[in-house]
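Descriptive analysis of the structure
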Amino acid sequence: MWFQTLKTRHSVRAFSTENSQGMVVGLEYTDRKTEIHALKRETPPLSLEEGVSTAFVTHENGGMSLLGISQSGKGKCCVEIRAWDVMSSLGFTAKEIAAQDLQRNVVNDGKFKAVINLPEALGTHFTLKIAVLRDFVCVAVSSGLIILWKYRKVENLTISLELVCVMKSSMTIQDVAFVLNENTSKKGPLSLVVGESGGVKLYSATQHTDINSEDGDMKFVTSHIPFPSSDIGMTVQDIQCASPNSCVLSDSSGRLWYLHPSHLQEIVLPSSQAGHGVYAVQEKHGQSEGWLATV
């Protein structure tokens, strides 16, 4: 059995392991600052500022990048996107990035970040969440906006995010995650799990949508998966993928739930009485099962 001890600078609030393949891990501390640690090689951790939400992106050539999103200080209602190569022998190395904004204009700011202007109606007091599946990147703004991009790696240096669609939510968004429909292949239609008060909302790409199409928006249908009636007052706090077609989520009381659309079931562990505010899920590569670690 292999294990590694990491030296942390603060109490850990959340772990980020999705798509990491056991190579790297993100630690979000209680002061909302984040560190990215390499697990299989000696390299200093990457320290990120307060409020940066992160996701790992794997490439067809075996490479891996880190995407970080945060509220930009350059505008009243902006999102800043950065990227790093996490496999470089030089350590965590900044990558060039360009992204299409909500009007499909390509933007970047000094090569190493893209700043996306958001509708002013969203306000300035919001949090951001990010999810990645295959070559799709979703950014959710807590005040009710979901942005879906398709990422492309240009040569070896630049990541390009091409806008797919924008969706609105009438409720506050707590977290997001991707899942695949169980009866489809890994290249088939995807679904987006959105954590809200009272349960989750499932945005499912319609079967006739060509997800590889260069033209037009993807089309989604929505369905609501509530907590049981006795727990309807709970709010989703965090969502992590357990397999390509399932995920584990936590609620505001610290309980864990297993979501296999469209079934939601509480996870009861021997030590569940006090709840599990901090947990991590790691999928077994190429298998329909994984590991769950709780604190």
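Reading the values: rules and limits
- Residues numbered from 1 in each chain as written.
- Predicted model: local features only at pLDDT ≥ 70, side-chain atom pairs only at ≥ 80, totals over all residues.
- Heavy atoms only, no water.
- Pairing = 2+ DSSP bridges.
- Helix = DSSP H or I, 4+ residues; strand = E, 2+ residues; numbered from the N terminus.
- Axes fitted to C-alpha atoms, helices over the stretch in contact; angles between N-to-C directions.
- Buried < 20%, exposed > 50% of the residue type's maximum accessible area, 1.4 Å probe, protein only.
- Phe/Tyr/Trp six-rings, centres within 6.5 Å; stacked < 30°, edge-to-face > 60°.
- Core = buried A, V, L, I, M, F, W, Y, C linked by side-chain atoms within 4.5 Å.
- Contact = heavy atoms within 4.5 Å.
- Salt bridge = Lys/Arg side-chain N within 4 Å of Asp/Glu carboxyl O.
- pLDDT = per-residue confidence, 0-100.

Pairing in this open sheet of four strands is antiparallel, and the strands run β1-β2-β3-β4 from one edge to the other. Lying at the two open borders of the sheet, with one neighbouring strand each, are β1 (12-16) and β4 (46-48). In this sheet, adjacent strand axes meet at a mean angle of 20° when their direction is disregarded. Two elements, strand β2 (residues 24-29) and strand β3 (residues 34-38), share five bridges in a ladder whose sense is antiparallel.

The next thing to look at is the environment of P44. Structurally, the position occupied by P44 is in the loop between β3 and β4. You can call P44 exposed: its relative accessible area is 62%.

On to the packing of aromatic side chains, then. Counted by the stated rule, this structure contains one aromatic pair. A ring pair is formed by F227 and W257, whose centres lie 5.0 Å apart and whose planes are at 45°; its orientation type is tilted. Of this pair, F227 sits in the loop between β18 (220-226) and β19 (236-243) while W257 is found in strand β21 (residues 256-260), placing the two residues 30 residues apart along the sequence. With respect to class, F227 is no different from W257; both count as buried.

Judged by pairing direction, the sheet is antiparallel, and its four strands sit side by side in the order β15-β16-β17-β18 without closing on themselves. Looking along the sheet, the strands with just one partner apiece sit at the ends: β15 (175-180) and β18. Averaged over all neighbouring strand pairs, the angle between strand axes comes to 25°, with direction disregarded. By the bridge criterion, six bridges tie β15 to strand β16 (residues 190-196) in an arrangement that is antiparallel. Bridge assignment links D175 to a residue of β16, and that residue is G195.

To continue, consider the nonpolar core. Ranked by size, the top nonpolar core spans 29 residues in total, and within it L67, I81, I116, L118, V137, W149 and L161 carry the most contacts. A total of four residues in this core trace back to one element, the largest contributor, which is strand β13 (residues 145-154). Once you skip the residues sitting within four places of it in the chain, L118 turns out to touch C77, V79, L102, F126, V141, L145 and I147. If you look at the next biggest cluster of nonpolar residues, it comprises 21 residues, including A131, L133, V176 and V194.

Here the focus is the pairing of β21. Counting buried positions along β21 gives four out of five residues, so the element sits mostly inside the fold. Direction of pairing for strand β20 (residues 246-251) relative to β21: antiparallel, over a ladder of four bridges. Paired with L249 across the two strands is W257, which belongs to β21. Between the antiparallel neighbours β20 and β21 lie four residues, among them G254 with a positive phi of about 90°. Bridge count between β21 and strand β22 (residues 263-267): five bridges; the pairing is antiparallel. Paired with W257 across the two strands is E266, which belongs to β22. Hairpin remark: β21 followed by β22, antiparallel, with two residues in the connecting loop.

Now for the pattern of salt bridges. Applying the stated criterion to the full structure yields seven salt bridges. One salt bridge in this structure joins K201 and E196, with 3.9 Å as the shortest N-O distance. Looking at E196, the relative accessible area reads 0%, which means it is buried. Close ionic contact of R255 with E266 constitutes a salt bridge, the shortest N to O distance being 3.9 Å. Taken together, the positions of R255 in the loop between β20 and β21 and E266 in strand β22 put the pair eleven residues apart, joining distant regions of the chain.

Another aspect to go through is the confidence of the model for the chain. Looking at the chain, pLDDT values average 83 and 82% of them are 70 or higher. Looking at the elements of the chain, mean pLDDT is at its lowest for strand β24 (residues 290-294), recorded as 66, and at its highest for strand β12 (residues 136-141), recorded as 95.

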